[in-house]
Amino acid sequence: MSDHYFTAEPASPDQRRDRTVRLRGEEVTVQTAGGVFSPDHLDAGTEVLLREVPEPPVEGDLLDLGCGWGPITLAMAAASPLARVWAVDVNERALDLTRRNAELAGAVRVHAVRPEDVPEDVRFAAIWSNPPIRVGKEVLHAMLRQWLHRLLPGGEAHLVVAKHLGSDSLLRWLDTELGAEFSAERAATAKGFRVLRVVRAG
């Protein structure tokens, strides 16, 4: 299969299959398919992120950046049913799967959309992401700069990145390039992954 998970319209067959995954201690039945990130299981990075992040704010707007088939979105929605969860991806199949999985989970306040379809005035109380490192440093940095600047004052972002894919250099970039009102630190390390926390000053 030659599709990348950041392909807008995957060419591989859209063969849906049911999976049971554990998200923050809860077993959830989901649908996955080829042509999206980690279609066969909950990937190790996302598992680490979901284990290490604090509880999200109970309401407001929350963002899952690069949602794939939706595990982070589903975990956010389950933890904060009064919040509006934005699941953002460029992959149309991923967005369709996230919508379907949110429906299966009864998560009615999930909006799975392309990046350009998030209203400009939306600001986020929290961002959780397993970002698409393999898009390349320039694209990744532009994406993170765009979305992290939409954090509310006092808001926090948590990103999970494999150590061997440059988590430490990304942390240095986050801490120096976002602006004086942002700070970044390593929040956790597990299974070869770093969880990076970015805070916007209140």
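Just so we're clear, the structure is a prediction, and the values are computed from it rather than from any experiment. (Residues numbered from 1 in each chain as written. Predicted model: local features only at pLDDT ≥ 70, side-chain atom pairs only at ≥ 80, totals over all residues. Heavy atoms only, no water.)

Q: Would you explain the overall build of the chain in this entry?
A: Within the chain, the regular secondary structure consists of five helices and nine strands. At 16 Å, the chain has a C-alpha radius of gyration in line with the 17 Å of a compact globule built from 202 residues. Structurally, the chain occupies a C-alpha span of about 45 × 35 × 30 Å along its principal axes. For the chain, the residues scored as buried account for 50% of the 202 residues in total. In the chain, of all internal contacts separated by at least 6 residues, the share reaching a separation of at least 24 is 68%. When the accessible surface of the chain is split by element, carbon and sulfur atoms take 50% of a total near 9,500 Å². Averaging the positions of the 24 positive and the 29 negative side-chain charges in the chain gives two centres separated by 4 Å. (Helix = DSSP H or I, 4+ residues; strand = E, 2+ residues; numbered from the N terminus. Rg over C-alpha atoms; globule rule 2.2 N^0.38 Å. Buried < 20%, exposed > 50% of the residue type's maximum accessible area, 1.4 Å probe, protein only. Contact = heavy atoms within 4.5 Å. Areas by Shrake-Rupley, 256 points an atom, 1.4 Å probe, with all protein chains shown as cover. Lys, Arg positive; Asp, Glu negative; His and termini not counted. Charge placed at Lys NZ, Arg CZ, Asp CG, Glu CD.)

Q: When you look at the confidence of the model for the chain in this model, what are you seeing that I'm missing?
A: A low pLDDT means the predicted coordinates there should not be read in detail. Mean pLDDT over the chain: 94, with 94% of residues reaching 70 or higher. Counting interchain partners and residues more than four positions distant, the pLDDT-below-50 stretch residues 1–5 has 16 contacts. (pLDDT = per-residue confidence, 0-100.)

Q: Before we go on, may I ask you to explain helix α4 (residues 137–148) in this structure?
A: An α-helix turns once every 3.6 residues. As a result, residues three or four positions apart point the same way. The first and last C-alpha atoms of α4 sit 16 Å apart over 12 residues, in line with the 16 Å expected at 1.5 Å per residue. Considered for burial, the residues of α4 that qualify are L140, H141, M143, L144, W147 and L148. Seen along its axis, α4 keeps its buried residues to an arc of 165°; they face one direction. (Expected span 1.5 Å × (residues − 1). Arc of directions from axis to C-beta.)

Q: Just checking my understanding: could you explain the environment of D121 for this structure?
A: One can find D121 in the loop between β5 (110–113) and β6 (124–129). Take D121: its relative accessible area is 64%, and that puts it in the exposed class. Counting along the chain gives 29 residues from D121 to R150, while the straight-line C-alpha distance between them is 8.9 Å.

Q: Would you take a moment to explain the sheet that holds β5 for this structure?
A: Strand-to-strand pairing in sheets goes through backbone hydrogen bonds, with the strands running parallel or antiparallel. Spatially, seven strands are ordered β5-β4-β3-β6-β7-β9-β8 in an open sheet, and the strand pairing comes out mixed. A single partner strand is all that each edge strand has here, and the edge strands are β5 and β8 (182–190). With strand direction ignored, the average angle separating the axes of adjacent strands in the sheet is 15°. Note that β8 and strand β9 (residues 193–200) share eight bridges and pair antiparallel. Following the sheet pairing, F182 is matched in β9 by R200. Strand contacts of helix α2 (residues 71–79): β3 (61–65), β4 (84–88), β5 and β6, with the helix running at about 140° to β6, the strand carrying the most contacts. (Pairing = 2+ DSSP bridges. Axes fitted to C-alpha atoms, helices over the stretch in contact; angles between N-to-C directions.)

Q: Help me understand the UniProt feature "domain: Methyltransferase small" (unreviewed entry) in the chain in this model?
A: If you check UniProt for "domain: Methyltransferase small" (unreviewed entry), the listed places come out as residues 27–196 in our numbering. End C-alpha to end C-alpha, residues 27–196 measures 26 Å, and it is 32% helix and 30% strand. (UniProt positions renumbered as here; feature names shortened; annotations may be inferred.)

Q: Whenever I open this one, the environment of G202 confuses me. Can you help?
A: Within the fold, G202 resides in the segment after β9. Considering only alpha carbons, one finds G202 and L152, 50 residues apart in sequence, at a separation of 8.0 Å. Each residue touching G202, except ones within four places of it in the same chain, is listed here: P153 and G154.

Q: Help me out: how do you make sense of the nonpolar core in this one?
A: Soluble globular proteins: nonpolar side chains tend toward being buried together. Grouped together as the largest cluster of nonpolar side chains are 34 residues, with contacts concentrated most on L23, L49, L62, W69 and W128. Broken down by element, this core gets its largest block of residues, five residues, from α2. (Core = buried A, V, L, I, M, F, W, Y, C linked by side-chain atoms within 4.5 Å.)

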